[in-house]
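Coordinate analysis (summary)
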Amino acid sequence: MHVEQAQVITCGAQVIGIPFTWARQVIEVFDLTRVPTAPAWLAGAVNADGVILPVIDLAAWLDPTEVLRAGTRQRLLAGGDGEDGFALLFDGLPVPARVRVQTEPLACSNRLEPFLRGAAVTLTTAWPLIDIAALADSLMAELAHPH
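A short tour of the structure in this document, coming up. Throughout this description, residue numbers start from 1 for each chain and increase along the sequence as written. Selection of residues for local features in this predicted model requires a pLDDT of at least 70, selection of side-chain atom pairs for listing and counting requires 80 or more, and totals for whole chains, interfaces and linings are taken over all residues. Note: side-chain values were computed over all heavy atoms of the structure, leaving out hydrogens and water.

**Focus on unusual backbone geometry**
For the record, the criterion: Helix numbering and strand numbering both begin at the N terminus, where a helix is a DSSP run of H or I of at least 4 residues and a strand a DSSP run of E of at least 2.
For Thr37, which is not glycine, the phi dihedral falls at a positive 65°. Tracing the chain through its elements places Thr37 in the loop between β3 (23-27) and β4 (42-48). Positive phi values are uncommon outside glycine, yet Asp49 reaches one of about 55°. On the secondary structure map, Asp49 appears in the loop between β4 and β5 (51-56).

**Remarks on the pattern of salt bridges**
As a reminder, the rule being used: By convention in these notes, a salt bridge is any Lys or Arg side-chain nitrogen within 4 Å of a carboxyl oxygen on Asp or Glu. Exposure categories follow from relative accessible area, calculated using a 1.4 Å probe and restricted to protein chains: below 20% of the type maximum is buried, above 50% is exposed, and the middle band is partly exposed.
Taken as a whole and assessed by the stated rule, the structure comprises 4 salt bridges. Glu142 is the salt-bridge partner of Arg111, the closest N and O atoms lying 3.5 Å from each other. With Arg111 in the loop between β7 (86-100) and β8 (116-121) and Glu142 in helix α2 (residues 132-144), this residue pair connects regions lying 31 residues apart in the sequence. Exposure remark for Arg111: the relative accessible area of 32% places this residue in the partly exposed category. What makes Glu142 buried here is its relative accessible area of 17%.

**Section: the pairing of β4**
Inclusion rule: Any two strands between which DSSP finds at least two bridges are classified as paired.
For β4, the buried fraction is high: 6 of the 7 residues fall into the buried class. Sheet topology note: the β4/β5 ladder contains 6 bridges and is antiparallel. Following the sheet pairing, Ala48 is matched in β5 by Val51. Linking two consecutive strands that pair antiparallel, namely β4 and β5, is a turn of 2 residues; a positive phi of about 55° is found at Asp49 within it.

**Topic: the environment of Val15**
Just so we agree on the cut-off: In this analysis, two residues are considered to be in contact whenever any of their non-hydrogen atoms come within 4.5 Å of each other.
Following the sequence through the fold, Val15 ends up in strand β2 (residues 14-19). Sequence spacing of Val15 and Arg111 is 96 residues, and the spatial spacing of their C-alpha atoms is 13 Å. Contacts of Val15, omitting those with residues within four sequence positions, involve Val8, Ile9, Thr10, Trp127 and Pro128.

What follows is the structure in structure tokens.
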């Protein structure tokens, strides 16, 4: 039996699971290039092995008062394919987890509720598993049509 895997990451106050099939690499050392006039949640762009990826600060998207502080969110989780590729800023280290269907509600931001896909679980804890492709589509639509 195949068990789907996930990576659990911390983005500010929110802990989420991302399907392992989306994730390509964790980047620990990077030079972030800011994008002038971009919304705060678009932290910039990074060169990842010769590919330029937009960098999303999910914490800033979830809470616009969240400010990127030096010494936090020091890693990127890069994923997706081709033009759909991007990276998420996160704190600490990713935690491996398995995916399961979730029947009871999990604590997550109201903004993330439309993107819930199940749970990312370890032996003791369950976190919201996010449909990262749907979230990316929503973020790109928001970028194309700011309110």
